[in-house]
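# Structure assessment
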Amino acid sequence: MYPNQSPAGTLLETENMRMPMVEVRALGRFEIYVDDQLVSGQIGRSKKLKHLAEYLILNHHRAVPNDEIIEALWPNEESKNPRNALKILVHRLRTTLAAGGAPQDMEFIIARQRSCRWNPALDCIYDFEHFEALCTAGLSGRASEETARVRLLDACKMYHGRFMSDASGEVWVSAPEIRMHTYYLRAVNRLIEILHARGQFDLIIQLCRQALTIDQMDENINRQLIFALAESGRNQEAIQHYNQITELYYSQLGVQPSEELRGLYHRIAAVERKVGADIDSISADLRESDAQPGAFVCPYEIFKDIYRLQARSLARYGGRAFVALLTVTDNRVCQPESKTLAKVMERLMESARLSLRRGDMIARYSPAQLVILLPTVTYDMGQMVCERLTRNFKRENPSMNVAISYNLRPMEPPRDKEKEEYPM
């Protein structure tokens with residue numbers, strides 16, 4: 001202790017000399033905070049500047065050779081003086097962080113002749129390391145169910161998006177990005193198991209909806225959301241979500257939902273009935289509240305059920321009906337690209353609906369195909385309908401460079417072993 005210096009004064013000086021707390025957030029948007037103040041707001045203006053900070057932070061546990069940084073940030077790019085370009089970039093990163101509010105004397109990067117390093121002496125918290133630690137603890141077979149629930153909930157709250165999402169596509173970020181996203185999906189699925197066992201379906205719904213803002217294509221999470229909605233008595237929401245993701249899978253992935261997901265839809269649709277309702281309320285429920293002009297549009301699973309009922313009726317009472325399959329191809333007779341196909345199929349569906357009768361029925365059979373049920377028509381009439389439909393689509397969408405082909409087949413009644421009669 002210096003002469004005339006009090007213990008209280010020593011404590012005050014120690015507090016005033018406290019090292020600022022640095023926080024790095026890389027799950028979702030990449031941000032750097034110093035004592036809760038965002039200091040990295042300006043580095044996003046330069047892709048190279050942000051990637052330098054991200055690369056050094058990703059490898060903060062070691063000094064990174066300059067040649068490695070140059071190869072990561074300037075892959076396959078020729079430069080007369082790449083080392084000088086890196087030196088300038090390091091200087092710009094330092095000044096940009098200082099301009100963002102970081103202390104002027106705070107040394108974020110230690111630059112040597114042959115390497116650079118994120119300063120290990122900084123009092124720094126990395127959200128991605130904390131996230132991985134929580135996932136590891138929660139997914140451990142040694143963790144109790146309650147410990148797993150708490151740890152994994154905390155981890156999921158931290159995961160605001162894919163790791164260093166603005167660097168997505170860069171070779172050096174792909175491995176940690178995949179690893180952390182896999183951790184996240186495992187955490188979500190384990191939490192669903194725990195919450196399901198406790199009957200906490202409302203929490204499962206919240207968890208799944210949040211997860212789908214990050215990975216909307218994950219089929220298991222979509223399936224768990226539909227199941228939880230159904231278990232909560234929200235069958236209409238479950239069916240609506242199924243229809244939404246069916247369209248999403250068609251337009252974005254070019255695939256149908258899995259058989260398991262379609263089976264779940266069938267089970268939910270089957271129980272969407274009012275127990276103990278009287279005939280008047282049932283009639284009101286069945287009535288089409290807002291009848292639209294043109295054909296009836298429905299999911300393919302519903303189309304199959306109606307088709308089979310029509311076929312039974314045809315077998316008993318006679319008559320005729322045809323099924324048409326419309327297929328979209330490009331000028332190479334291939335399926336158009338997903339982005340183009342989504343717009344084409346949306347417009348084809350609408351054009352077909354308005355070109356057909358209210359008693360006809362349409363469903364999306366595959367990413368590039370519509371199936372149509374045409375009751376009470378002959379083969380010639382069916383051909384005329386399909387020709388008119390394709391002609392109308394071309395007239396309404398002259399700029400869409402696609403071809404619409406069709407096939408027509410008669411409805412085949414089921415083969416009954418004996419004539420069916422009402423029991424006496």
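Note that the structure is predicted; figures quoted are calculated from it, not measured. Numbers given for residues are sequential positions, taken from 1 along each chain in its written order. Where local features are concerned, this predicted model is filtered to residues with pLDDT of at least 70; where side-chain atom pairs are given and counted, the filter is 80 or more; whole-chain, interface and lining totals use all residues. With hydrogens and water set aside, each side-chain value is computed from the structure's full complement of heavy atoms.

Counting its regular elements, the protein chain contains 15 helices and twelve strands. Summary of the burial criterion: residues with accessible area below 20% of their type's maximum are buried, those above 50% are exposed, and those between are partly exposed, where the area comes from a 1.4 Å probe applied to protein chains only. Sorting the 424 residues of the protein chain into buried and exposed places 42% on the buried side. Pairs of residues are marked as contacts when any of their non-hydrogen atoms sit within 4.5 Å. The long-range fraction of contacts in the protein chain, counting pairs at least 24 apart against all pairs at least 6 apart in sequence, stands at 65%. Computed with the Shrake-Rupley method and a 1.4 Å probe, the accessible areas treat only the protein chains shown as cover for residues. In the structure as shown, the protein chain presents an accessible area of about 25000 Å², 50% of it carried by carbon and sulfur atoms. Helix and strand definitions here come from DSSP, where helices need a minimum of 4 consecutive H or I residues and strands a minimum of 2 consecutive E residues; each element is numbered from the N-terminal end.

Here helix α9 (residues 219–231) crosses helix α10 (residues 235–253) at 160°, and the two axes come no closer than 7 Å. Viewed along their axes, α9 and α10 adopt a mutual orientation that is roughly antiparallel. With respect to the hand of their crossing, α9 and α10 are arranged in left-handed fashion. Note on element contacts: α10 touches α9 through Asn 235, Glu 237, Ala 238, His 241, Tyr 242, Ile 245 and Tyr 249, opposite Glu 219, Asn 222, Leu 225, Ile 226, Leu 229 and Ala 230. Here the term charged refers only to Asp, Glu, Lys and Arg, the term nonpolar to Ala, Val, Leu, Ile, Met, Phe, Trp, Tyr, Cys and Pro, and the term polar to all other amino acids, Gly among them. By residue class, the composition of the contact of α9 with α10 is eight nonpolar, three polar and two charged. Axes, fitted as lines to C-alpha atoms, cover a helix only where it is in contact. Angles between the N-to-C directions of the axes lie from 0 to 180 degrees. Each angle receives one of four descriptions, namely roughly parallel if under 35 degrees, roughly antiparallel if over 145, roughly perpendicular if within 65 to 115, and oblique otherwise. Take the far helix as the reference: if the near one is turned anticlockwise from it by less than a right angle, the crossing is left-handed, and if turned clockwise, right-handed.

Reading across from one edge, β8-β10-β11-β9-β12 is the order of the five strands in this open sheet, with mixed pairing throughout. The open sheet terminates on both sides in strands that have one partner only, identified here as β8 (296–297) and β12 (403–410). The pairing of strand β9 (residues 321–329) with strand β11 (residues 369–375) spans seven bridges and is classified as antiparallel. Bridge pairing in β11 places Phe 322 opposite Leu 374. Contacts from helix α14 (residues 338–355) reach β8, β9, β10 (361–366), β11 and β12 within the one sheet, and its direction differs from that of β10 by about 160°. Strands qualify as paired when DSSP identifies two bridges or more between them.

The next thing to look at is the sheet that holds strand β5 (residues 109–111). Overall, antiparallel pairing links the three strands, which are arranged β4-β6-β5 in an open sheet. Edge positions in the sheet fall to β4 (64–65) and β5, since each of these pairs with one other strand and no more. Across two bridges, β4 lies against strand β6 (residues 115–118) in antiparallel orientation. The partner of Pro 65 across the bridge, within β6, is Ser 115. Here helix α2 (residues 47–58) sits on the sheet in contact with β4, β5 and β6, set at roughly 80° to β6.

With that out of the way, let us pick up the nonpolar core. Counting 82 residues, the largest nonpolar core has Phe 108, Trp 118 and Phe 131 as the members making the most contacts within it. It is helix α7 (residues 171–197) that provides the largest number of residues to this core, a total of eleven residues. Discounting chain neighbours no more than four positions away, the residues touching Phe 131 are Leu 27, Ala 155, Met 158, Tyr 159, Met 180, Tyr 183 and Tyr 184. If you look at the next biggest cluster of nonpolar residues, it comprises 26 residues, including Leu 370, Ile 372, Val 385 and Val 402. For our purposes a nonpolar core is just a set of buried Ala, Val, Leu, Ile, Met, Phe, Trp, Tyr and Cys residues, chained together by side-chain atoms within 4.5 Å.

Bringing helix α6 (residues 145–158) into the picture now. Since the α-helix turns once every 3.6 residues, residues separated by three or four places project in the same direction. The end-to-end C-alpha distance of α6 is 20 Å, a good match for the 20 Å that 14 residues give at a rise of 1.5 Å each. Those residues of α6 lying buried are Ala 148, Leu 152, Ala 155, Cys 156 and Met 158. In an axial view of α6, the angular spread of the buried residues amounts to 150°, which keeps them on one side of the axis. Working rule for helices: expected span equals 1.5 Å times residues minus one. Throughout, the arc means that of the directions going from the helix axis to the C-beta atoms.

So, about helix α4 (residues 82–99). Taking 1.5 Å of rise per residue, the 18 residues of α4 would be expected to cover 26 Å, and the 25 Å separating its terminal C-alpha atoms lies within 8% of that figure. Buried residues of α4: Leu 86, Leu 89, Val 90, Leu 93, Thr 96, Leu 97 and Ala 98, and no others. Packing partners of the buried residues in α4 comprise β2 (31–34), α2, α3 (66–73), β5 and β6. Just beyond α4, the residue with positive phi is Gly 101, at close to 120°.

We now examine the packing of aromatic side chains. The aromatic pairing rule takes the rings of Phe, Tyr and Trp, using the six-membered ring of Trp, and pairs them if the centres are within 6.5 Å, calling planes under 30 degrees apart stacked, those over 60 edge-to-face and the rest tilted. Counted according to the given criterion, the structure contains eleven aromatic pairs. Aromatic side chains Phe 108 and Trp 118 sit 5.6 Å apart centroid to centroid with 45° between the ring planes, which places their arrangement in the tilted category. Taken together, the positions of Phe 108 in the loop between α4 and β5 and Trp 118 in strand β6 put the pair ten residues apart, joining distant regions of the chain. As far as the burial class goes, Phe 108 and Trp 118 line up, both buried. Pairwise contacts between aromatic rings join Tyr 126, Phe 128 and Phe 163 into one cluster.

Another aspect to go through is the pattern of salt bridges. What counts as a salt bridge is simple: a side-chain nitrogen of Lys or Arg found within 4 Å of a carboxyl oxygen of Asp or Glu. Following the criterion strictly, the structure yields 23 salt bridges and no others. Lys 47 serves as the salt-bridge partner of Glu 170, at 3.9 Å between the closest nitrogen and oxygen. One end of the pair, Glu 170, is in the loop between α6 and α7; the other, Lys 47, is in helix α2, and 123 residues separate them in sequence. Since its relative accessible area comes to 56%, Lys 47 is described here as exposed. Of the charged contacts, one joins Glu 146 and Arg 198 as a salt bridge, the two residues approaching to 3.0 Å between their closest N and O atoms. Taken together, the positions of Glu 146 in helix α6 and Arg 198 in the loop between α7 and α8 (201–214) put the pair 52 residues apart, joining distant regions of the chain. A residue is classified by how much of its surface remains accessible, and Arg 198, at 35% relative accessible area, is partly exposed.

Take it as geometry only, folks, not as evidence of what the structure does.
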